[in-house]
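# Summary of structural features
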Amino acid sequence: MQNGDIIKFVVFRFDPKSDEMPKYKTYDVPYREGMTVLDGLNYIIENIDPSLSIRFSCRQGICGSCGMLINGKYELACKTQVKEIIKNGTVKVEPLPHFPIIKDLVVDYSQLFEKLKRAKAYFISLDEDLEREFLQTPKQRTKIDKYLDCVLCGACMSACPVDETDWEFLGPAPLMRAYKFIGDNRDKGAIIRLKAITGIDGIWRCHLAYSCVEACPRELAPAIAIRNLQKIAFKWSLTGKISK
Amino acid sequence: MEYHEVIIVGGGGAGLRAAIEAHDRGADVGIVSLVYPSRSHTVAAEGGINAALREDDTWEVHAWDTIKGSDFLADQNAAEFMTREAPRVVRQLEHWGMAFNRADDGRMYQRPFGGQSYPRTAYVADFTGHALLHTLYEQVIARNIPIYDEIMIMSIVKHENRAVGVVGLNLKTGEVESFMANAIIFSTGGAGQLYQITTNAYLNTGYGMAVAYWAGVPLKDMEFFQFHPTGIYPVGILITEGARGEGAYLINGEGERFMAKYAPEKMELAPRDLVSRAILTEIREGRGAGPEKAYVLLDLRHLGADKIKKRLPQIRFLAIKFAGVDPIDEPIPVIPTAHYHMGGIDVDRFTRTELLGFFAAGECTSVSVHGANRLGGNSLLDTQVFGRVAGIMAAEFAKKHRIVDGSKAVEEEVKRIDKKIENLLNKEGHENVFKLKNELKQIMHNHLHAFRTEESMLEGLRKLRDLKERYKDIELASKKVTYDLELINAIQLEGMLDVAETMFVGAIARKESRGAHYREDYPTRDDKNFLKHSLFRYSRDGPKLEYKPVIITRWKPIERKY
């Protein structure tokens, strides 16, 4: 592709305040070397149609604002190069499926954030002594290495077949983030947390379809974390640490 | 109208830290944020957070490094306070589960960073900010602190000479919303979006500073803006100083490690102002790399694949995505990029402003601990130390000074903001908001960058004032209110223009070179005339400039050599 080539951006448009049905609008965007999908969307807003709503911020794939479906693939728009994803001269951009739509590509994330709370996806410890640090060897740290940099973009929740039919299911990101703490030798909340995530909306609802692993734009593996949680919960229920 | 004892505007590192502290001290707290807190730009900090944690390091040396790094513009009592508090706030993060990288003895590993005499930067690979922000966010949800997200605060309401509330636009509903509080904390972040090439997120417009400025709170040291030496060419996305901390080299077009000429002792780990000027000098004098000699190279290859993957995975990802090079095999093309505003809302080391009941912390402020040039690893530290202090101060203030009868003033302000938005939506004109914003970014890039002269700055200021006139003639095409980026930009641009004006006025008046403010026409530091903070007060005719002394406790200014 060369600078100035025209790319067709096919963009999902829907304003629940005024539209009965969603529609797709096509915009011609001139290509330039290094252009990301977010650059393309911003070009549309600044030069063609300022009424298009998108959510974005850091533009380096770490804030998680711009999770979208781009040519059918879950991606962060800011780190997706147009040249890598373009198909037949077209880039099709849609909001994350199964999330309520606020406007166009902007979805309502409140369910996801609420589920973090329900999954007790936060560190629990009663140690208040700030004169010393907790110890953790590099080897102990490797247990949680792979689960650290979730950006809460929502792709895994959107891709999850269980979440699709059961909105109460805690879902991949909250459960993976709960696992991060259970795998951390410094945390003291494993039992409280396991109780919170082994109910009817918890880990046993996961089919291990691995859609979340495929969807994650940061290449994390929530399903593996959930499988590990299932193993721990099974073992602990046998030893009576948590009820069956 | 919502009421909380303490309202915190901004949910980044400083805001969330303040929220936790105020909550834990018994205050009823609400967080109002332009974005959902986990999107705040603290998330993009890469390199680490400084603290003298090891027994052979001391906070005094950390304070000295900070003050020398600041080119002696930091208030020394504030720098002492921050560095003394540093180990406790860093251990606090660790006690909340932040997954720091570890040394073999199980303690936090610390790497060397620019301008420091000891390896004291604790980190989580090269996404320290992400780990820090998410750790705080998790503690906020654990405490059930209410979050009002995607609300852009546009005004501080005053009643009987104190702050009693804030009013802003809810982006999701298009409604104007208001909050009353006994105490208000601003932690609204920096202003990198003023520049064409920046590491900062789209949300970092400096609008919060403008809102405080309009409310009569002075801004301080606005002429000092840090250019980070290593942004990916040409987009400016950050490659952490941690890369050089781990041993990466800077190489010019002739294959030379040119830092030897500028900072023979510290080399690549000299402070950022020096390294940025060195890179720009190499490029200006024709020793850049690449077909247009427009950048220099950051070479990590000798670190080896293992170290790069373990300690710098995020920048490897960024280099592959945005520069198309894998740093394991190829050096990364880099240029200096607008990164951090040392200036901001004038606060003392207790985070107090001139306005009663109004506190501020984080990058939107100038305490000043960073003075004319901030050291890498000190900004996350700033958010934690002063976020905590703001939480303490606001909680105490809120308990002692309940507001009485502020609701009328808040309601009046809601009406005014409603009308302002209506005017923006309905007015006719000839100018496009996005075009004006891009022109502003060019003006800043061309006239108020790392090298400055009186002539160029005066021209820039003329262009800026012309832009302010043209802003009055904007017309919006979209005329929607729900999540409308044109409207959001129009609102923010008004603030950006005023913030930019203070920066020009301060830079033109400061006829010396100090830290990040380098004047080619006045290339040396002038302690006799300019060892003082600039203070900017809002007036309809532009900023009124005043000065106030720098607080010196024990370190006399000396020449800065590295």
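Residues numbered from 1 in each chain as written. Chains lettered and ligands numbered in written order. Predicted model: local features only at pLDDT ≥ 70, side-chain atom pairs only at ≥ 80, totals over all residues.

### Thoughts on the interface of chain B and chain A
Counting residues at the interface gives 43 residues for chain B, matched by 44 residues for chain A. The set of elements that each furnish at least two residues to the side of chain B that touches chain A consists of α3 (76-95), α4 (128-142), α10 (313-323) and α15 (485-509) of chain B. With 6 residues, the single largest contributor to the side of chain B that touches chain A is α4 of chain B. For the side of chain B that touches chain A, the residue count by class is 20 nonpolar, 10 polar and 13 charged. (Contact = placed C-beta atoms within 7 Å. Helix = DSSP H or I, 4+ residues; strand = E, 2+ residues; numbered from the N terminus. Nonpolar A, V, L, I, M, F, W, Y, C, P; charged D, E, K, R; others polar.)

### Some remarks on the environment of Gly495 of chain B
Among the secondary structure elements, Gly495 of chain B is positioned in helix α15. Along the backbone, Gly495 of chain B and Val211 of chain B are 284 residues apart, and their C-alpha atoms lie at a distance of 7.2 Å.

### Looking at the packing of helix α2 (residues 59-69) of chain B against α3 of chain B
Each pair of packed helices can be described by the angle between their axes along with the distance between the axes. All names here are of chain B. Between α2 and α3, the shortest axis-to-axis distance is 8 Å and the interhelical angle comes to 135 degrees. The angle between α2 and α3 falls in the class oblique. Here α2 and α3 pass one another in a crossing that is right-handed. Note on element contacts: α3 touches α2 through Gln76, Ala79, Glu80, Thr83, Arg84 and Ala86, opposite Trp59, His62, Ala63, Thr66 and Ile67. Its residues assigned to classes, the contact of α2 with α3 comprises 5 nonpolar, 4 polar and 2 charged. (Axes fitted to C-alpha atoms, helices over the stretch in contact; angles between N-to-C directions. Parallel < 35°, antiparallel > 145°, perpendicular 65-115°, else oblique. Left-handed = near helix turned anticlockwise from the far one by under 90°.)

### A word on the nonpolar core
Within the largest apolar cluster, 259 residues are counted, with the highest numbers of intra-cluster contacts made by Leu175 of chain A together with Val6, Ile184, Ile185 and Ala394 of chain B. Ranked by residue count, the leading element in this core is α15 of chain B, at 13 residues. Setting aside its immediate chain neighbours within four residues, Val6 of chain B contacts Ala22, Ala27, Val29, Ala181, Asn182, Ala183, Ile185, Ala394, Ala395 and Ala398 of chain B. (Core = buried A, V, L, I, M, F, W, Y, C linked by C-beta atoms within 7 Å. Buried ≥ 20, exposed ≤ 12 C-beta atoms within 10 Å, placed from the backbone.)

### Side note on the domain arrangement of chain B
Residues and elements named next belong to chain B. Along its sequence, chain B is carved into domain 1 (228-336) and domain 2 (410-531). The C-alpha-based centres of domain 1 and domain 2 are spaced at 31 Å. Facing the 5 residues of domain 1 at the interface are 5 residues of domain 2. Broken down by element, the side of domain 1 that touches domain 2 gets its largest block of residues, 4 residues, from helix α8 (residues 272-284). (Domains from an automatic or database assignment.)

### Thoughts on the domain arrangement of chain A
Residue and element names in this part refer to chain A. Partitioning chain A into domains gives domain 1 (6-107) and domain 2 (110-238). If you average the C-alpha positions of domain 1 and of domain 2, the two centres end up 29 Å apart. Taken together, the contacts link 11 residues of domain 1 with 11 residues of domain 2. In terms of residues, the side of domain 1 that touches domain 2 owes the most to one element, strand β4 (residues 73-76), which gives 3 residues. The residue makeup of the side of domain 1 that touches domain 2, split by class, is 7 nonpolar, 3 polar and 1 charged.

### Some remarks on the pairing of strand β8 (residues 162-170) of chain B
Residue and element names in this part refer to chain B. Among the 9 residues of β8, 7 are classified as buried, and the element is accordingly described as predominantly covered. Looking at chain direction, strand β7 (residues 151-159) and β8 are connected through 8 bridges and run antiparallel. Bridged to Ile153 within β8 is Gly168. Following β7, the chain reverses through 2 residues before pairing antiparallel with β8; Glu160 in that reversal takes a positive phi of roughly 50 degrees. Here β8 folds back onto strand β9 (residues 176-186) in antiparallel fashion, the turn holding 5 residues, of which Gly174 has a positive phi close to 80 degrees. (Pairing = 2+ DSSP bridges.)

### Notes on the packing of helix α14 (residues 454-471) of chain B against α15 of chain B
All names here are of chain B. The interhelical angle for the contact between α14 and α15, taken along N-to-C directions, is 155 degrees, at an axis separation of 10 Å. The pairing of α14 with α15 is recorded here as roughly antiparallel in orientation. Of the two possible hands of crossing, α14 and α15 adopt the one that is left-handed. Here Glu454, Met457, Leu458, Gly460, Leu461, Leu464, Leu467, Lys468 and Tyr471 of α14 lie close against α15, whose contacting residues are Leu493, Glu494, Leu497, Ala500, Glu501, Phe504, Ala507 and Ile508. The residue inventory of the contact of α14 with α15, partitioned by class, reads 12 nonpolar, 1 polar and 4 charged.

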